[in-house]
Amino acid sequence: MKEQEKRIVLDTSAFIAGLDPLSIQLTQYTVPEVENELVQHSLPWTRFKTAVELEKLRIISPDPHCVEMVRVFSKSIGDLLFLSKADKQILALALEFKNLGQYPEIITDDYSIQNVANKMGIKFVPLNTFGIRFRFHWKLYCPACYRKYPADFTSKQCSICGTTLKRKPIKKTPLED
Ligand SMILES: [Zn+2]
């Protein structure tokens, strides 16, 4: 593999876990929706904006065809419900790079992204590779009526309105040995 054909893709969890794009030598890539998942003026958000300004991080909207392929594929393996819009875009962007003959590597601690990437033959790199060791806590909620559910809630539908539930990383705690 030629180093110049490696494409590092950063998902939301990479920023929330504290990864600073400026600490990585290669230019990195992400998708527009990731910015929406970051809390404005938080440290991850500030790092995101700074890296974009310095052209260390490029925001690319993936080809809609690739987004659709990710949707169909993740549905077939049962991970679709756990992927946010940003997650699907991240996977689609990596797929697009792969289809172009490049070598995408998604930096993520999100299990669903890792699972789908793995099954699509796309490489992922967990954040502990970068010395970041955090565990995420997820919030499960209904995107229609905003009712909150415990993270281990077994149904994938809102018990009030029947809408498919979504999840979001809310906080991180250091991993224990
Ligand atoms: Zn609901």
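Higher on the page you've got the structure.
Note that the coordinates shown come from a computational prediction; the quantities given were computed from them, not determined experimentally.

A. Inspection of the coordination of the zinc ion at higher detail. Distances from the zinc ion to its protein donors, Cys142 (SG), Cys145 (SG), Cys158 (SG) and Cys161 (SG), fall within 2.2 to 2.4 Å. Geometry at the zinc ion is tetrahedral, judged from the four donor atoms that bind it and their angles of 103 to 124° at the metal. Each donor residue of the zinc ion belongs to the same chain, with the gaps between them written as C-x2-C-x12-C-x2-C. Of this pair, cysteine 145 sits in the loop between β6 (134-141) and β7 (148-149) while cysteine 161 is found in the loop between β7 and β8 (166-174), placing the two residues 16 residues apart along the sequence.

B. Representation of unusual backbone geometry. In this model, glutamate 55 sits at a positive phi of 60°, which is unusual for a non-glycine residue. Among the secondary structure elements, glutamate 55 is positioned in the loop between α3 (43-53) and β3 (57-59). Located in the positive-phi region is tyrosine 146, a residue other than glycine, with phi close to 65°. Mapped onto the elements, tyrosine 146 comes out in the loop between β6 and β7. Under the relative-accessibility criterion, tyrosine 146 is labelled exposed at 60%.

C. Expanded view of the pattern of salt bridges. Applying the stated rule across the entire model yields six salt bridges. Arginine 71 is the partner of glutamate 68 in a salt bridge, and the nearest nitrogen-oxygen pair spans 3.2 Å. Of this pair, glutamate 68 and arginine 71 are both found in helix α4 (residues 64-76), three residues apart, which corresponds to roughly one turn of the helix. A residue is classified by how much of its surface remains accessible, and arginine 71, at 32% relative accessible area, is partly exposed.

D. Layout of the packing of aromatic side chains. Inspection of the entire model under this criterion finds two aromatic pairs. With a centroid separation of 5.1 Å and an interplanar angle of 70°, the aromatic rings of tyrosine 29 and phenylalanine 97 are classed as edge-to-face. Of this pair, tyrosine 29 sits in strand β2 (residues 28-30) while phenylalanine 97 sits in helix α5 (residues 85-99), and the two are 68 residues apart along the sequence. Assessed through its relative accessible area of 6%, phenylalanine 97 is described here as buried. Between arginine 7 and the ring centre of phenylalanine 97, over which it is positioned, the NZ or CZ distance is 5.9 Å.

Thresholds applied
Along each chain, numbering runs from 1 in the same order as the chain's sequence is written. Note on the predicted model: pLDDT of at least 70 is required for a residue's local features to be given, and 80 or more for side-chain atom pairs to be given and counted; whole-chain, interface and lining totals, by contrast, use all residues. To obtain the side-chain values, all non-hydrogen atoms of the structure were included, while hydrogens and water were left out. Counted as donors are the N, O and S atoms within 2.8 Å of the metal, or 3.2 Å for Na, K and Ca, while water is not among the atoms, so some sites may look incomplete. Note on geometry labels: four donors, all angles 85 to 135 degrees, give tetrahedral; four donors become square planar and six octahedral when opposite donors are over 155 degrees apart and every other angle is between 65 and 115; remaining cases are irregular. Strands are runs of DSSP state E lasting at least two residues, helices are runs of H or I lasting at least four, and both sets are numbered from the N terminus onward. We call a residue buried when its accessible area falls under 20% of the maximum for its residue type, exposed when it is over 50%, and partly exposed in between, using a 1.4 Å probe and counting protein chains only. What makes a salt bridge here is a side-chain nitrogen of Lys or Arg within 4 Å of a carboxyl oxygen of Asp or Glu, nothing more. Planes of paired rings set the category: under 30 degrees apart is stacked, over 60 is edge-to-face and the rest tilted, where pairs are Phe, Tyr or Trp rings (Trp by its six-membered ring) whose centres lie within 6.5 Å. In this scheme, the term charge over a ring applies when either NZ of a lysine or CZ of an arginine sits within 6 Å of the ring centre and within 35 degrees of the ring normal.

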